[in-house]
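Architecture at a glance
Okay, here's what each chain looks like letter by letter:
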Amino acid sequence: MELLQLIFLGTAGSTPTKERSLPSVVVKYDSELLMFDCGEGTQRQMGLAKLSPARKMKIFISHMHGDHVLGLPGLLQSMALLGREKSLEIYGPKGIRRFVDSVNETVRFDITFPVHIYETRPGRICDEQRYEIHAAWADHVVPCLAYSFVEKPRPGRFNVRMVRKLGVPEGPLWKRLQMGKPVRVKGKKIDPRLVVGPSRPGVKIVYATDTRPSLKIASLASKANVLIHDGTFDSSLEEKALPEGHSSAAQAAGVAKRAKAQTLVLTHISARYQDPSVLVREARKTFRKTVVARDLMIIES
Ligand SMILES: [Zn+2]
Ligand SMILES: [Zn+2]
């Protein structure tokens, strides 16, 4: 199984359609789920994607518009029904605490687990052993955060053949070498560089919706492997996109190009595009590696 999976649970903008559920994307990393937005219906999409709500999890909410946040009450209730015990962390702009608290006070489900809520601002908001999460302001009609998942460098490849040849017994000594520490076998010192290759760059994934095209997002997404960006409209509707705080597919492509991202995934697709090929066509004129997100689409790294 791959170490990192990016799973699109909902890819619609504003209203759901038969094909598209409301916004939510999950980075599945080791045993943890990092969820970006939780539109209505997210828990059902989790079921379809076989993601258990009992898992270790953090949720990052971009902004307090209903299409991005109304899935939280149902998800919290299901977690309680399952008797979840693991704590849950929820990050978002100002207002997220009042929202979750009022749901807890008014909808009676006895919560079985601690919920930690962080009203967050731009900057580094999580620093875990193997990854960081950064936030930056998006350019929408209400305060809205874009997030980046930044994996720390991956350890170099462990050369099992060489380590056996050097006579190191499997077990704690292997672990020490993998951690870059020397070991001693039969009085002989073994340098970890003999058996562990150079570290490899980690993966960077950026989630930016809802937003107009923005330099702040281009800089957050600098050299990202995947930029997931608001691509609500085609270019004929750019005049509508601007006052509503959204981007056209072509504008999203401009941000991806400026950021020197590897892949652009357009999301928050307006219900008017049953066939979204116009969005891909327009974006690819500026940024070739563009795809339109589909519900339950998976990207592995
Ligand atoms: Zn939206
Ligand atoms: Zn919005």
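Up top you'll find the structure we're talking about.
All figures in this text were calculated on a predicted structure; none of them were measured in a lab.

Examining the overall build of the protein chain
Tallying secondary structure elements over the protein chain gives 10 helices and 16 strands in all. For a compact globule of 301 residues, the expected C-alpha radius of gyration is about 19 Å, and the protein chain comes in at 21 Å, within 12% of that figure. Overall, the protein chain is about 75 × 50 × 30 Å in size when its C-alpha atoms are taken along their principal axes. Within the protein chain, the proportion of its 301 residues that are buried is 51%. When contacts within the protein chain are restricted to residue pairs at least 6 apart in sequence, those whose partners lie at least 24 apart make up 63%. Carbon and sulfur atoms make up 51% of the accessible area of the protein chain, which amounts to about 14,800 Å² in all. Here the protein chain carries 47 positive and 30 negative side-chain charges, and the mean point of each set is 11 Å from the other.

Things to note about the coordination of the zinc ion (ligand 2)
Note on the zinc ion (ligand 2): its protein donors are His 63 (NE2), His 65 (ND1), His 140 (NE2) and Asp 210 (OD). The metal-donor distances range over 2.2 to 2.3 Å. For the zinc ion (ligand 2), the four donor atoms in the first shell make angles of 91 to 166° at the metal, so the coordination geometry reads as irregular. Mapping the donors of the zinc ion (ligand 2) onto the primary sequence yields the spacing H-x1-H-x74-H-x69-D. In this model, the zinc ion (ligand 2) sits 3.6 Å from the zinc ion (ligand 1), the two metals being bridged by Asp 210. In this pair, His 140 is assigned in the loop between β8 (131-137) and β9 (145-151) and Asp 210 in the loop between β12 (204-208) and α7 (215-220), connecting sequence segments 70 residues apart.

Things to note about helix α4 (residues 96-106)
Restricting attention to buried positions, one finds in α4 the residues Ile 96, Phe 99, Val 100 and Val 103. One side of α4 carries all its buried residues, which in axial view fall inside an arc of 90°. For α4, exposure combined with an orientation more than 90 degrees from the buried face picks out Arg 98, Glu 105 and Thr 106. Taken together, the buried residues of α4 touch α2 (66-69), α3 (72-81), β5 (88-92) and β6 (115-119).

Brief notes about the side chain of Ser 21
Position of Ser 21 among the secondary structure elements: in the loop between β1 (4-10) and β2 (24-29). On the basis of relative accessibility, which here comes to 12%, the residue Ser 21 falls in the buried class.

A look at the sheet that holds strand β4 (residues 56-60)
Strand order in the open sheet made by the seven strands is β6-β5-β4-β3-β2-β1-β16, with mixed pairing throughout. Of all strands in the sheet, those with a lone pairing partner are β6 and β16 (298-300), marking the two edges. Recorded for the sheet is a direction-independent mean angle of 15° between the axes of neighbouring strands. In this sheet, β4 lies alongside strand β3 (residues 32-36) in parallel orientation, the contact comprising five bridges. Within β4, the position partnered with Glu 32 by the bridge is Lys 56. Across the face of the sheet, α3 comes into contact with β3, β4 and β5 while running at roughly 165° to β4. Against the sheet, α4 contacts β5 and β6, and its axis sits at roughly 150° relative to β6.

A closer look at the nonpolar core
Burial of nonpolar side chains together is a common tendency in soluble globular proteins. Counting residues in each nonpolar core, the largest one holds 32 residues, and the members touching the most others are Leu 227, Leu 264, Leu 266, Tyr 273 and Leu 279. Mapped onto this core, the elements with two or more residues apiece are β12, α7, α9 (249-259), β14 (263-267) and α10 (277-284). Ranked by residues supplied to this core, first place goes to α9 with six residues. In contact with Leu 227, not counting residues within four places along its chain, are Val 206, Ala 221, Val 255, Ala 256, Ala 261, Thr 263, Leu 264 and Val 265.

Let's talk about the side chain of Arg 84
In this fold, Arg 84 is placed in the loop between α3 and β5. No salt bridge is formed by the buried Arg 84, whose closest oppositely charged neighbour, Glu 32, lies at an N-O distance of 8.0 Å. Of the polar contacts made by the side chain of Arg 84, one reaches the backbone oxygen of Pro 53; its length is 2.7 Å. Once residues within four sequence positions are removed from consideration, Arg 84 is found in contact with Pro 53, Ala 54, Arg 55, Lys 56, Met 57, Met 79, Thr 112 and Phe 113.

With respect to the coordination of the zinc ion (ligand 1)
Protein coordination of the zinc ion (ligand 1) is provided by Asp 67 (OD), His 68 (NE2), Asp 210 (OD) and His 268 (NE2), with donor distances spanning 2.1 to 2.2 Å. Around the zinc ion (ligand 1) sit four donor atoms, and with donor-metal-donor angles ranging over 91 to 163° the site reads as irregular. Written as a sequence motif, the donor arrangement for the zinc ion (ligand 1) is D-H-x141-D-x57-H.

Remarks on the pairing of strand β7 (residues 123-127)
Where β7 and β8 come together, four bridges link them in antiparallel fashion. The residue of β8 that forms the bridge with Asp 127 is Glu 132. In sequence, β7 turns back onto β8 through a hairpin of three residues.

Notes on α9
When α9 is considered as a whole, its buried residues turn out to be Ala 249, Ala 252, Ala 253, Val 255, Ala 256 and Ala 259. The arc that holds every buried residue of α9, seen down its axis, measures 160°, which confines them to one face. Facing away from the buried surface of α9 by more than 90 degrees, the exposed residues are Lys 257 and Arg 258. If you follow the buried residues of α9, they end up packed against α7, β13 (226-230), β14 and α10. Lys 260, located one to two residues past α9, shows a positive phi value of around 55°.

Definitions and cut-offs
Residues numbered from 1 in each chain as written. Chains lettered and ligands numbered in written order. Predicted model: local features only at pLDDT ≥ 70, side-chain atom pairs only at ≥ 80, totals over all residues. Heavy atoms only, no water. Helix = DSSP H or I, 4+ residues; strand = E, 2+ residues; numbered from the N terminus. Rg over C-alpha atoms; globule rule 2.2 N^0.38 Å. Buried < 20%, exposed > 50% of the residue type's maximum accessible area, 1.4 Å probe, protein only. Contact = heavy atoms within 4.5 Å. Areas by Shrake-Rupley, 256 points an atom, 1.4 Å probe, with all protein chains shown as cover. Lys, Arg positive; Asp, Glu negative; His and termini not counted. Charge placed at Lys NZ, Arg CZ, Asp CG, Glu CD. Donors = N, O, S within 2.8 Å, 3.2 Å for Na, K, Ca; no water. Tetrahedral: all angles 85-135°; square planar, octahedral: opposite > 155°, others 65-115°. Arc of directions from axis to C-beta. Pairing = 2+ DSSP bridges. Axes fitted to C-alpha atoms, helices over the stretch in contact; angles between N-to-C directions. Core = buried A, V, L, I, M, F, W, Y, C linked by side-chain atoms within 4.5 Å. Salt bridge = Lys/Arg side-chain N within 4 Å of Asp/Glu carboxyl O. Polar contact = N/O pair within 3.5 Å; in protein donor to acceptor, adjacent residues only side chain to side chain.

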